Structure formats: structure tokens, C-alpha cells
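Listed below, chain by chain, are the residues.
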Amino acid sequence: MLNSRSRLLRSLLAACGLAGSLWANAASLVSADSPGAPGAPAIERDAKSSSADLHHGAVVVNGVKLHYVEGGEGSKGDPILLIPGWPESWYAWRFVMPRLIAEGHPVVALDLRGMGDSDHPPEGYDSKTISADIHAFVAAKGLAKKGNLHVAGHDVGAWMAYAYAADWPREVRTLTVMEAALPGITPPAPAGIPGDDANLKSWHFAFNRLPDLPEILVQGHERAYLGWLFAQKSVKREVFTTEALDEYTRVFAQPGGARAAFNYYRAAFSDTGLQQNRLRAATPLTIPVLAIGGQHSVGAGMEKTMRLVATDVQGATLPGVGHFVLEESPGEVAAQLNAFMRKTPRPSD
């Protein structure tokens, strides 16, 4: 028999039908094709992943230890900064990184504060603070010395990649954002109770913002919680192997991990968080922007959002995949990034 906390968790997850109007609006643009339909592209999990020599490191910026993983040091190509999203870590980029390194780029995947093996302070999860963290990290690593830094973010990482590019535009050569609705920018969906499909994609926007209750309910159930989340928001569910779920559970369940993850949503959708992005939007980005969505998730919604805040935008919708494009289609993500970077001239060109 389920204990009372498990029953309450299920009830709350089902009750979050009024949540996430931003995500529901972005997702409304996707194809109505059934996820996992015959003919979907094959899984690309481990291709080339063992060829890269990746190294872990940490730097302290603004009083917070930030963990990162890098590869391709000494390569002559332009550096790439990769930022993961909720509820993941640098590990989400593990199959993409080798493909970028193979093109001659030094690559750094960063765990933002509260993510992965970075510190988990109790506050500082608004986009202005995180943008300043990224800026300090980039300076500490010397990534933007020549103005040739490419930045890519997924999910919450896309929120923060946009914030950094908007706040420090001279440091960023190109911006790639994937699978996100930008708080304060993406128009909300029409009022009302969403359908089942939209509800499964968006319930967490309301749930994650509640004070304390998510931590109370999820504690001790982290693995089940993450497993359910990954299964509902992906098409190629098998990419979330036992090994992957072990790693994501490890970092999410460490002290302060869940609270930090939920705090990103509390900060982003507060009045202050929404206003931060609205102020950024008043000065549109002029650098090249690539917006990527999964066919069975945000789809073209990412491109539509970025056209509200940037003047040079191109979009790509990856076929046969859901929200977790980095793991469901790493080869196509890398191919899109490599092609985008190749055709963007350097500032000195």
C-alpha cells in the first residue's frame, strides 16, 4: 500500500493541470504525431562518447564553487560553453561534447550553482545572479578573450544562456538555446485547464514554485520522481539507462540539491525574475541565435520565442524526439551546432 506521502504526491502531480501556461503555449506548435511512432530515428547514445578525454574541475566565483567538465583543451577552434537544464547536470551533454571536440573546439560543460557537483547555496537563483556567475566563470577560465565564445543552453540552461548573452553581449559570438520557454518573454497559453498532453509537459511549472512542499514530497523519492519525469517528457525513454538515472539521482538527492532545483523556478517566475527578462528584451540580441526544439515537445516554439528578443534567429526542429534532445538525439544536436558555428564569421573576419 502506498504511504500517505506517496498518495499526496500523485494527487498533486495530477492536480497541476492549471500549471505551466508558458510551456503549454510553446508545446502547442509541435506535431500531433504519436511519440515513438514507427520510423523514428535510431537512438544515438554512445556513438563516439568514449573518444573524448574529459576532465573535471572547479573554480570559485562570487563565493560559490562551480563544477565543470572540459575537453579539447589546446584545440585551435573557438571555445564552446555548454549549460544544462533542470533537473540534470553537465552529464546531459556527455554524448554531444565528443562530437564538438572532434570538430576542433575546446568545450566546457558547466554546472551552474545548485546543479550537479557545484555548491548549493540557499539563494541566488535569479537570472541576474546566475548571469554574473557565468560571466565570472568565463573570465576565470579565459574563454572570452577573443570574443569568439559560443554559448549553448538546454531548458533552464537556455534561460541562463540567454540572460548571459543579453547581459554580456561582447563576450558571446553565438547563442544556441534548446527546449525552453523564456519566463517573462514567451506568451502564456489561453486560460483554462490544459489537455492531458499539455498537462504532462507543463505541470512542474506550478509545482516547482510552491514553497517547501516539493521538497517535502520528493525527499526519499528522488529516483522515482526523476524516472517518472524523464519518461513523461521523452520519446526515446530508453536513453535514461540505470547508469544515467543513478547519476541524476545522486546529484539531485545530495543536501540542498532538490531545493536548489526548485528555487530556479521560484526565482524565474517571481515578479523580480519576470521583470529581469522584460528589461533584457528591450535591447534585442544582435548576435546569431540558433533555437532548437524537439518535434514532440517545444518544436518551433523555441524559435518563435527567440524572435521576440533577437534579430538574427534561425530554428531547427529535431524529428522523433521529446524534451531531452541532448540525450535523445546527440548526433543531430552536435551537427546543428557545428554547422551553425562554421557559418558564423569571427568578429575579426
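What counts, and where the lines are drawn
- Residues numbered from 1 in each chain as written.
- Predicted model: local features only at pLDDT ≥ 70, side-chain atom pairs only at ≥ 80, totals over all residues.
- Heavy atoms only, no water.
- Pairing = 2+ DSSP bridges.
- Helix = DSSP H or I, 4+ residues; strand = E, 2+ residues; numbered from the N terminus.
- Right-handed = clockwise from strand over helix to strand, strands pointing away.
- Phe/Tyr/Trp six-rings, centres within 6.5 Å; stacked < 30°, edge-to-face > 60°.
- Buried < 20%, exposed > 50% of the residue type's maximum accessible area, 1.4 Å probe, protein only.

Engineer: I'd love a proper account of the pairing of strand E8 (residues 313–318), names of residues and values included.
Structural biologist: Where a strand is regular, its side chains alternate between the two sheet faces. With six bridges connecting them, strand E7 (residues 289–294) and E8 associate as parallel partners. Bridging across to E8, Ile292 finds its partner in Ala316. In terms of handedness, the path from E7 via helix H12 (residues 301–306) over to E8 forms a crossover that is right-handed.

Engineer: Can you lay out the environment of Gly147 for me, pointing to particular residues and giving the numbers?
Structural biologist: With respect to the helices and strands, Gly147 occurs in the loop between helix H4 (127–141) and strand E5 (149–154). Counting along the chain gives 199 residues from Gly147 to Arg346, while the straight-line C-alpha distance between them is 8.3 Å.

Engineer: Let's hear about the packing of aromatic side chains: which residues, and what values?
Structural biologist: All told, the structure shown has 21 aromatic pairs when counted by the stated rule. On the basis of an interplanar angle of 70° and a centroid distance of 5.3 Å, the ring pair of Trp159 and Tyr265 is categorised as edge-to-face. With Trp159 in helix H5 (residues 156–167) and Tyr265 in helix H10 (residues 257–268), this pair connects stretches of sequence that are 106 residues apart. Residue classification places Tyr265 among the buried residues on the basis of a relative accessible area of 1%. Relative to Trp228, the ring of Trp203 has its centre 5.6 Å away and its plane inclined at 65°; by these criteria the two rings are edge-to-face. Residue Trp203 is found in helix H6 (residues 196–207), and its partner Trp228 is found in helix H8 (residues 222–233); the two are separated by 25 residues along the sequence. Judged by its relative accessible area of 31%, Trp228 is partly exposed. Taken together through their ring pairs, the aromatic side chains of Trp90, Tyr91, Phe230, Phe240, Tyr248 and Phe324 make up a single cluster.

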